[in-house]
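Take a look at the letters that make up each chain.
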Amino acid sequence: MQTRFQWMLIHPAAIVAQGVGSGLLHPASGTWGTLVGWLVFVFLNQSLGAYVWAWPLLLAVTFPVGVWACHVTGKELGVHDDSSIVFDEMWAIWLVLLFVMPAPLWQQAIAFGLFRLFDIWKPYPIRLVDEKWTNGLGVMLDDVMAAFYALLVFAVGKQAYIWMAS
């Protein structure tokens, strides 16, 4: 019998969907995947930062790859959004940080926390997408929606902070 880690290593979709193993960490695999996504963002942002077109291109290319990987892995595991599938969190935190940066570490941490809050809470219509779209696209979209909620609250909070400080 193969362990999940061994299975992940022989399935390219699982390597992507399970965040190169970060989705196999417990408890809170989604938080671990988001943390790895944050670290990957910092590394890539230092490498790609000078190229304005690089992030939109990277996000555009990796979204359909994520849809495919999450779909295939969910099918193989028999659960469309298994807790070990974390590429959706990784991609979504890239989106959040792209709009938050440049920002000090404490603001990045707030954006991280807001994203995790909305990803776990799944307010309307996120929960609807999560329940009704039982494929890779649904897995990715519910996190994109959580990212937008996090960005909205972050922007309002930042404006309130600026207003109160002045």
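Here's what I pulled together on the structure shown here. (Residues numbered from 1 in each chain as written. Predicted model: local features only at pLDDT ≥ 70, side-chain atom pairs only at ≥ 80, totals over all residues. Heavy atoms only, no water.)

1. Comments concerning unusual backbone geometry
Residue histidine 26 is joined to proline 27 through a cis peptide bond whose omega torsion reads -5°. By secondary structure assignment, the location of proline 27 is in the loop between helix H2 (12–17) and helix H3 (29–48). Going from methionine 101 to proline 102, the amide bond is cis rather than trans, its omega being 0°. Examined against the element boundaries, proline 102 turns out to sit in the loop between helix H5 (87–100) and helix H6 (105–121). Located in the positive-phi region is alanine 28, a residue other than glycine, with phi close to 60°. Inspection of the secondary structure puts alanine 28 in the loop between H2 and H3. Using a relative accessible area of 43% as the deciding quantity, one classes alanine 28 as partly exposed. (Helix = DSSP H or I, 4+ residues; strand = E, 2+ residues; numbered from the N terminus. Buried < 20%, exposed > 50% of the residue type's maximum accessible area, 1.4 Å probe, protein only.)

2. Observations regarding H5
Structurally, the α-helix is built with 3.6 residues per turn, so residues lying three or four positions apart point the same way. An ideal rise of 1.5 Å per residue puts 20 Å on 14 residues; H5 measures up with 20 Å between its terminal C-alpha atoms. With 12 of 14 residues buried, H5 is to be regarded as a mostly interior element. Residues Phe87, Asp88, Glu89, Met90, Trp91, Ala92, Ile93, Trp94, Leu95, Val96, Leu97 and Val100 constitute the buried set of H5. (Expected span 1.5 Å × (residues − 1).)

3. Re H6
Here H6 is 17 residues long and its end C-alpha atoms lie 24 Å apart, about the 24 Å a rise of 1.5 Å per residue gives. Those residues of H6 not exposed but buried are Gln107, Gln108, Ala111, Phe112, Leu114, Phe115, Arg116, Phe118 and Asp119. Where H6 is buried, its residues meet H3, H5, helix H7 (126–132) and helix H8 (136–165). Positive backbone phi, at 55°, marks lysine 122, one or two positions downstream of H6. (Contact = heavy atoms within 4.5 Å.)

4. Overview of the packing of aromatic side chains
Overall, the coordinates contain nine aromatic pairs when judged by the stated rule. Geometrically, the ring pair formed by phenylalanine 118 and tryptophan 121 is stacked, given 5.7 Å between the ring centres and 25° between the ring planes. Within this pair, phenylalanine 118 and its partner tryptophan 121 are both found in helix H6, separated by three residues, close to a single helical turn. In textbook terms, an aromatic cluster arises when at least three aromatic residues are bridged by ring pairs, as seen for Phe41, Trp55, Phe87 and Trp94. (Phe/Tyr/Trp six-rings, centres within 6.5 Å; stacked < 30°, edge-to-face > 60°.)

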